[in-house]
Amino acid sequence: MTSCTESVTALKGIGKETAEHLQSLHIETIGDLIWTFPYRHEDFRLKDLTETPHNERVTIEATVESMPSVIFLGKNKQRLTVAVRAGRHLVKAVFFNQGYLRQRLLPGTIVTVTGKWDRGRQVIVGSSVTFGPKTEQVDFEPMYSLRGLIQQKRFRKYMRQALDTAVDVEETLPENIRSDYQLLDIQEALEGVHFPKDAAHAKQARRRFVYEELLEFQLRIQALRKSRKEAERGLEIAYDIDSLRAFIQTLPYELTSAQKRVVNEICKDLKLPQRMNRLLQGDVGSGKTVVAAIGLYAAVTAGYQGALMAPTEILAEQHVQSLQAWFEPIGVRVAILSGSTKTKARRILLAQLAEGEIDILIGTHALIQPDVTFHKLGFVITDEQHRFGVEQRRILRDKGEHPDVLFMTATPIPRTLAITAFGEMDVSIIDELPAGRKEIETHWMKEEQLGAVLSKMQAELANGRQAYVICPLIEESDKLDVQNAVDAYNHLTAYFAGRFTVGLMHGRLHPTEKDEIMRAFSNGEIHVLVSTTVVEVGVNVPNATFMTIYDAERFGLAQLHQLRGRVGRGEHQSYCVLIADPKSDEGQERMRSMTETNDGFKLAEKDLELRGPGDFFGRKQSGLPEFKMADLIHDYRALDVARRDAERLVHSEEFWVKEEYEPLRNKLEVAGVLQGERID
Ligand SMILES: Nc1ncnc2c1ncn2[C@@H]1O[C@H](COP(=O)(O)OP(=O)(O)OP(=O)(O)O)[C@@H](O)[C@H]1O
C-alpha cells in the first residue's frame, strides 16, 4: 500500500537514477505520477485499410502470402519486405533492421502488424508485429511526454503500480454532480485515462476530467468575483433618468437595441453600491462612443465627474470633439488633457478639475499622473482594454472614492475567452451595427492586380470619397520583403499628381504632426492617406470608403478587421482590398475569412481556431490557465456548463458548509482565492 504523498521511490523498480529523471519531469510523489496524463493514446484497434488515410498509423490482422525478401542497406541495416493479405487487401509490409523476422514470417502465418500506412504505394511500414490474431493485445496504449528520459513501457509499469497501490486518491466531485452528468468516479476515470479498456472508456474518463478542471477553474473565478463584490464597496451613483432620456432624444439617430441594452447594464451598475467592474466589447463601428458618453453623463447628473482614457492622442481628441458637440449645448463641461497640453494650460485645467469646474475629462495616460486630482470622480472609462496595463488601470481607479470603472474594447473577444480571461468581470457586448450600414465589400488580390485596384480607388476619389492605403512597415528592410509606406506614398503621389492629395502617416512622426495629418484627412484636405497601422484603432472618418492593405498576410485577423473597420462608417458603400500572397494554408484561410464575413465576433472565433488561445492575446498577456485535459476551443460547451454550476455553487450555502464539497473548497483554499488573491 502506498500513499499519494509518498515519494515515487516507494514503488518497486524506481531507484535513484529513475527518481532523478522523474523529478526533472516534475514527478516526485506518487500523486504527481498519477496526475501525469498521457498526451495521446496509441490506437491499436483493427482498422480497414480502405478507410485509413495516408500516413496514418494502423493495426491490421493479416496472413503472410509470400516468402520475405531482405535487402541489406549497410552494416546492421536491412529492409525486409513481405506480402500480406488483410481481408480483401493484398499489401506489402516492410520492416527495418528486424532480420530475425525472416525465419518466422512464413506463408500462411497469421500476424498482427502495426505501422504507418503508405496509401499510394500500398505499403505498411511496420513498427511492431505479433504472431497470431489480435487477442490479448490492448486497444489503446497511453503515450506520455517523457522527453526520452524514460521508456514508455517502463513508465506504464510504474503507473500501473501507482494506481494499484495508492490508497488515498481523493474523490473531488460530489456524488450528486457525478450522477447528474453521469461522470465516472475518480478511480474509474484515472483508469480510463491511463489504461482505457476501450475508446468509450477513454472518452468517458476525459469527459470527467475536462468537467472537473473547468469547474475548479470557474469556481476560482466565481469565488473571487463574489468576495470582491462583497469587499469592494463602490459609489451609489443616483443619476437622473429624465435628464438621460432627454439627452438620448437629442441624438441624431436612435440607439440600436444592443446599445440600449448595454446602456441599461451600465446604468444599473452605476446605481448599485458595489464597484462596477465591467468590460464593454463592441465590434468596430458598433457605436461605443455614444454609449460611453451616456454613461459619463449619467455620473454628471448625479453630481460626479467622469473620465475617459484613450490609448492615443488622436483618439482622445476625436472623443473630445464628439462629446463636446453633444454636451456643450446642455452645459456639461468637457476638457482634454494629453501629453501635449502646454504647461500653463495644464495648470489652469488641473485647478478647474480640482474645483469641480470640469465635468468630464478626456485624455491619454496623462490622466494618471500623480498631480491630476479630481474634485469628485465617480466614473472612469478606459478605451481599448488591451493597451493599458493592469497597474495603470489600478492607479486610475484609485483616483477617486472608488469610482466605477468600465473597460471598453473594440477587439471582439470570442465568448469562450471572454468568460475565461475576463471571467472576474461582467461583460457587455454590442453585437449589432447601426441600421443602414452596408457590408464592406472585401476582395483578396495579388500584387499584379494593383493597377485595377488603383483605378477603382480613383473612381471612389472622383466621387468625392477618401481612401486609406495601409502598409506594414515604414522603412525598407533587406530582410523583410515588405512594401514600405514611404515608397507607396511616393508612388501614389506621382500617380495622383494634380488630381488628388496624398498624405503619409507613420509611428515615427511627432504626435503633433500626426494630429495635423489626421485632421487634414478628417477635413477632406487629404484624399488618400498612406499609413502604417497607427490608424488601426478608433479613427472615425465616415467619408473614407476605400481601403487597400498591402502585404495583408502579415497581419492577424483581429488586426485586419480593426483596420478594415476604418471604412464603412458612413452611409456610402465601402471597399477593402487585401493585397496578399500568403504561402501558408493558415494565411490563405485568413484572407478567405476576411472576404467572407464582416462580423468581428465570427472572425475572432476563426482567429482563435487558427492560432489557439495563447496566441490570441499574446502568450504573456493571456492570463489563461494551462489545462491538462480541457481545451478551451473544443470544450466550450463544458466550460459554459461548468461556469453556470460554479456560479450557482458559490452563491449557495451548501457549498460552503457541506462535507461533500470539502475537496473542492480545499482547492480554492490552496489557490488563495478565498483570501481574495488573484487567480493566475
Ligand atoms: N445608433 C446609431 N445609429 C446610427 N449611427 C450610429 C449609431 N451609433 C453610433 N453611430 C455612428 O457610428 C459611427 C461609429 O461609432 P463609434 O465611433 O462610436 O464606433 P466605435 O464602436 O467606437 O467603433 P470603433 O471601435 O471602430 O472606433 C459613428 O459615426 C457614430 O456617429
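Right above here is the structure, for reference.
Residues numbered from 1 in each chain as written. Predicted model: local features only at pLDDT ≥ 70, side-chain atom pairs only at ≥ 80, totals over all residues. Heavy atoms only, no water.

Some remarks on the site of the ligand
Cut-off, in case you're wondering: Note on terminology: near, applied to a residue and a molecule or strand, indicates that one of the residue's heavy atoms is within 4 Å of it. We call two N or O atoms a polar contact when they sit within 3.5 Å, provided that within protein one can donate a hydrogen and the other can accept it, with sequence-adjacent residues counted only if both atoms are side-chain atoms. The protein chains shown are the only cover counted for residues, whose accessible areas, like all others here, come from Shrake-Rupley with a 1.4 Å probe.
Close to the ligand lie 18 residues, the nearest being Gly285, Lys288, Thr289, Arg437 and Arg569. For the ligand, an oxygen atom lies 2.7 Å from a polar atom in the side chain of threonine 289. In the environment of the ligand, an oxygen atom lies 3.3 Å from a nitrogen or oxygen atom belonging to the side chain of asparagine 540. In the complex, 84% of the free accessible area of the ligand, which totals 630 Å², lies under the protein chains.

Quick look at the nonpolar core
Counted only if it meets this: In plain words, nonpolar cores are sets of buried Ala, Val, Leu, Ile, Met, Phe, Trp, Tyr and Cys residues tied together by side-chain atoms within 4.5 Å. The buried label goes to any residue with under 20% of its type's maximum accessible area, the exposed label to any with over 50%, and the partly exposed label to all in between, with areas taken from a 1.4 Å probe on protein chains only. Helix numbering and strand numbering both begin at the N terminus, where a helix is a DSSP run of H or I of at least 4 residues and a strand a DSSP run of E of at least 2. Contact definition: two residues touch when any of their heavy atoms are within 4.5 Å.
Core analysis: the biggest nonpolar cluster contains 54 residues, and Leu33, Ile34, Phe155, Leu215 and Leu219 have the highest contact counts within it. Every element with two or more residues in this core is listed here: helix H1 (16–24), helix H2 (30–34), helix H4 (152–165), helix H6 (186–194), helix H7 (199–231), helix H22 (636–650) and helix H24 (662–671). For this core, the leading source of residues is H7, giving 10 residues. Each residue touching phenylalanine 155, except ones within four places of it in the same chain, is listed here: Leu22, Ile27, Leu33, Thr36, Tyr144, Leu146 and Ile150.

Describing the packing of helix H15 (residues 450–462) against helix H16 (residues 485–495)
Quick reminder of the rule: The axes used here are C-alpha line fits, helices contributing only the stretch in contact, and every angle between their N-to-C directions lies in the interval 0 to 180 degrees. Each angle is binned into one of four classes, with values under 35 degrees roughly parallel, values over 145 roughly antiparallel, values of 65 to 115 roughly perpendicular, and all other values oblique. Less than a right angle of anticlockwise turn of the near helix away from the far helix marks a crossing as left-handed, whereas a clockwise turn marks it as right-handed. Each residue is assigned to one of three groups, with Ala, Val, Leu, Ile, Met, Phe, Trp, Tyr, Cys and Pro labelled nonpolar, Asp, Glu, Lys and Arg labelled charged, and all others, Gly among them, labelled polar.
Axis separation between H15 and H16 bottoms out at 13 Å; the angle between their running directions is 60 degrees. For the element pair H15 / H16, the angle class is oblique. Along this stretch, H15 crosses H16, giving a crossing that reads as right-handed. Judged by residue contacts, Leu454, Ser455 and Gln458 of H15 engage His491, Leu492 and Tyr495 from H16. Looking at side-chain class alone, the contact of H15 with H16 contains three nonpolar, three polar and no charged residues.

Section: H16
Quick note on the threshold: This arc is built from the directions going out from the helix axis to the C-beta atoms.
Every buried residue of H16 is accounted for by Ala485, Ala488 and Leu492. Around the axis of H16, the buried residues are gathered within 60 degrees of arc, so they sit on the same side. Buried-residue contacts for H16 involve H15, strand E17 (466–470), strand E18 (502–505) and strand E19 (528–531).

Here we look at the packing of helix H10 (residues 288–301) against helix H11 (residues 313–327)
Where H10 contacts H11, the axes come no closer than 11 Å and their chain directions differ by 55 degrees. On the basis of their axis angle, the class for H10 and H11 is oblique. Note that H10 runs across H11; the crossing there is right-handed. For the pair H10 and H11, the contacting residues are Thr289, Val290, Ala293, Leu296 and Tyr297 in the first and His319, Leu323, Trp326 and Phe327 in the second. Taken together, the residues that form the contact of H10 with H11 break down as seven nonpolar, two polar and no charged.

Digging into the sheet that holds strand E21 (residues 575–579)
Applicable threshold: Strand pairing is defined by DSSP finding a minimum of two bridges between the two strands.
Spatial ordering of the open sheet is given by E16-E21-E20-E17-E19-E18, a layout of six strands whose pairing is parallel. Each edge of the open sheet carries a strand with a single partner, namely strand E16 (441–445) and E18. Strand-to-strand twist in this sheet, taken as the mean axis angle between neighbours without regard to direction, amounts to 15 degrees. Relative to E21, strand E20 (residues 544–549) runs parallel, the two being bridged by four bridges. By the bridge assignment for E21, threonine 548 is matched with valine 577. Helix H18 (residues 557–564) contacts E16, E17, E20 and E21 of the sheet and is inclined by roughly 150 degrees relative to E20.

This is a description of form; function is not addressed.
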